Amino acid sequence: MRRTLVLLIVIGLAAPLAPPAAGQAAAQAPKVIAIRAGRLIDGKSDQPVANALILIEGGKIVSVTPGGTPPAGAEIIDLSRATVLPGLIDTHTHILLQGDISAADYDEQLLKQSTPYRAILAARNARLALLNGFTTMRDVETEGAMFADVDVKTAINRGEVPGSRLIVSTRAMAPTGMYPLRGYSWELEMPHGVQVVDGVEAARKAVREQVMHGADWIKYYSDRSYYFTPDGVVHSWLNFTDEEARAIVEETHRLGKKVAAHAIGSDGIAAALRAGADTIEHGHGLTEALMDEMIQKKVYWVPTVTVGVYVAPGRGGVWPGLMEAEQAAFGLAVKKGVKIAFGTDAGGFDWTKLNQAVEFKYYVDYGMTPMQAIRSATSTAAELLGWQDRIGTIEVGKLADLVAVSGNPLDDITELQRVKFVMKDGVVYRNDLK
Ligand SMILES: [Zn+2]
């Protein structure tokens, strides 16, 4: 130990005294990476660009041109037989969850797994997502794992473990008795999947506490207990009073953050919109009037189709009907121009069993063009996050987050389930196209 320390000191002292070696200036210049893209979908333009040249320096995109010649000395990455797209963004995930079709699946994780163990799995999940092309994720609550999402995010940002760039929301909120774990003896004090919040003052305090511990977003559960009326409208029971929900949103906005509201039934969506939530999560019960309100208030919809398809058969009950309602709402929302951002609820399904990119196929099946579906996970998702100046498109000045697939996702959207190249912040994490 001591010998190493001495050696380091010697090197530290000797370095400035040594004469500059030939080529040192070149070695110190920032490395330029040149990517030749056979086809470029930049996340913004209506048409792909053929044979584009993307130059990257210091983790950022410094030039995008059709054709062009790489500068001398640049490191060349040949993706000339691939389609290059912006890094994908999933705006609704749970890295600390490993699937919860049944209440038993969920309870087991909260009762039999420690938070450190769950955080190790979360780091694995963030790595899996990155290798599947998801360079950024908004993780919308830890499901009982307290603030562990902040730790995983920090470890990724510091380069300790590879993973998606995370935007985290810590614990989420619901009032007493309105979120699992439920159904245990009253003699037992069970853990909660959320921070339990009752009353306006407690709501404000919970927001402050979560932001203090690192929440980038605030998430709350607007509704529960979904049911249909004979007119086919999805209804639900509200969790918070309007005063409580408004306190959550107001306090969050006062601290410069935004709010995601879990809202499945039309009642829950309406309440979330009254409260001023910034994004509606799930939204199966969206009616045309609610869509108009979302458009007017510039609220984003994050549909999370994949999780519904995954859990509906196992959960039964109202779930298969909810999926039909969501499909109908999706088609209408696309026609009306509701801002739809890609979100899967990964973690609600097992990260190791399903690639979250299957969500793209549902969007196309439900009425989006492939280009619209791609934008939902690139430029539109970046706008939802308020990160449109950094990610979501392949343009000069953006972070160098890029993915590539062999085929053309505009012909076959499932190509995005077979991402073969991943770069985040200018660092290559996967390249099967060499
Ligand atoms: Zn979720």
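See the structure printed just above.
Report follows, based on the coordinates.

1. Some details on the pattern of salt bridges
Point 1. Scanning the model with the defined rule gives 23 salt bridges in all.
Point 2. Among the ionic pairs, K361 bridges to D365, the shortest N-O distance being 2.8 Å. Of the two residues, K361 and D365 both sit in helix α12 (residues 359-365), 4 residues apart, roughly one turn of that helix.
Point 3. Assessed through its relative accessible area of 33%, K361 is described here as partly exposed.
Point 4. By relative accessible area, D365 is classed as partly exposed at 45%.

2. Details of a nonpolar patch on the surface
Point 1. On the surface, L111, Y184 and L188 cluster together into a nonpolar patch covering about 270 Å² of accessible area.
Point 2. Residue position: Y184 is located in the loop between β8 (173-174) and β9 (195-196).
Point 3. Residue classification places Y184 among the partly exposed residues on the basis of a relative accessible area of 33%.

3. As for the layout of surface pockets
Point 1. Here the largest pocket is characterised by a volume of approximately 780 Å³.
Point 2. Looking at the lining of the largest pocket, the elements with two or more residues in it are α3 (103-112), β10 (217-221), β11 (223-228) and α10 (305-315).
Point 3. Of the residues forming the lining of the largest pocket, the biggest block, 4 residues, is contributed by β11.
Point 4. Broken down by class, the residue content of the lining of the largest pocket amounts to 15 nonpolar, 8 polar and 9 charged.

4. Considerations on the side chain of R204
Point 1. Among the secondary structure elements, R204 is positioned in helix α6 (residues 200-212).
Point 2. At 3.2 Å, the side chain of R204 and the side chain of E250 are in polar contact.
Point 3. Dropping the residues within four chain positions of it, R204 is found in contact with A247, E250 and E251.

5. Regarding the sheet that holds strand β18 (residues 427-431)
Point 1. Spatial ordering of the open sheet is given by β3-β2-β1-β4-β16-β17-β18, a layout of 7 strands whose pairing is mixed. In this open sheet, the two strands that pair with only one neighbour each are β3 (60-66) and β18. Looking at each pair of strands side by side, their axes are set apart by 30 degrees on average, direction ignored.
Point 2. In this sheet, β18 lies alongside strand β17 (residues 421-424) in antiparallel orientation, the contact comprising 4 bridges. Considered in β18, the bridge of M423 is made with V428.

6. Focus: the packing of aromatic side chains
Point 1. If you walk through the whole model with that rule in mind, you get 12 aromatic pairs.
Point 2. Ring geometry for W301 and F330: centres 5.9 Å apart, planes at 55 degrees, overall tilted. Here W301, found in strand β15 (residues 300-302), pairs with F330, found in helix α11 (residues 319-336); they are 29 residues apart in sequence, far enough to count as distant.
Point 3. The class for W301 is buried, based on a relative accessible area of 0%.
Point 4. Considering the side-chain rings of F330 and Y363, the 5.0 Å spacing of their centres and the 35 degrees angle between planes classify their relative orientation as tilted. Taken together, the residues span a long stretch of sequence, with F330 in helix α11 and Y363 in helix α12 at a distance of 33 residues.
Point 5. Look at F330 and you get buried, because its relative accessible area is 0%.
Point 6. Each member of the aromatic cluster is reached from another via a ring pair, and the members are F134, W301, F330, F342, F360, Y362, Y363 and Y366.
Point 7. Lying over the aromatic face of W217, R138 brings its terminal NZ or CZ to 4.6 Å of the ring centre.
Point 8. For the cation-ring pair, R390 lies above W387, with the distance from its terminal atom to the ring centre recorded as 4.0 Å.

Reading guide: rules and limits
Residues numbered from 1 in each chain as written. Predicted model: local features only at pLDDT ≥ 70, side-chain atom pairs only at ≥ 80, totals over all residues. Heavy atoms only, no water. Salt bridge = Lys/Arg side-chain N within 4 Å of Asp/Glu carboxyl O. Helix = DSSP H or I, 4+ residues; strand = E, 2+ residues; numbered from the N terminus. Buried < 20%, exposed > 50% of the residue type's maximum accessible area, 1.4 Å probe, protein only. Patch = residues over 30% accessible without salt bridge, like charges linked within 9 Å, V, L, I, M, F, W, Y side chains within 5 Å. Areas by Shrake-Rupley, 256 points an atom, 1.4 Å probe, with all protein chains shown as cover. 1 Å grid on protein atoms, 1.4 Å probe; cavity = no way out; pocket = protein on both sides within 12 Å on 5 of 7 lines; lining within 4 Å. Points joined across faces, edges and corners; volume = space filled by probe spheres on them. Nonpolar A, V, L, I, M, F, W, Y, C, P; charged D, E, K, R; others polar. Polar contact = N/O pair within 3.5 Å; in protein donor to acceptor, adjacent residues only side chain to side chain. Contact = heavy atoms within 4.5 Å. Pairing = 2+ DSSP bridges. Axes fitted to C-alpha atoms, helices over the stretch in contact; angles between N-to-C directions. Phe/Tyr/Trp six-rings, centres within 6.5 Å; stacked < 30°, edge-to-face > 60°. Lys NZ or Arg CZ within 6 Å of the ring centre and 35° of its normal.

Geometric descriptors of this kind do not, in isolation, establish any biological role.
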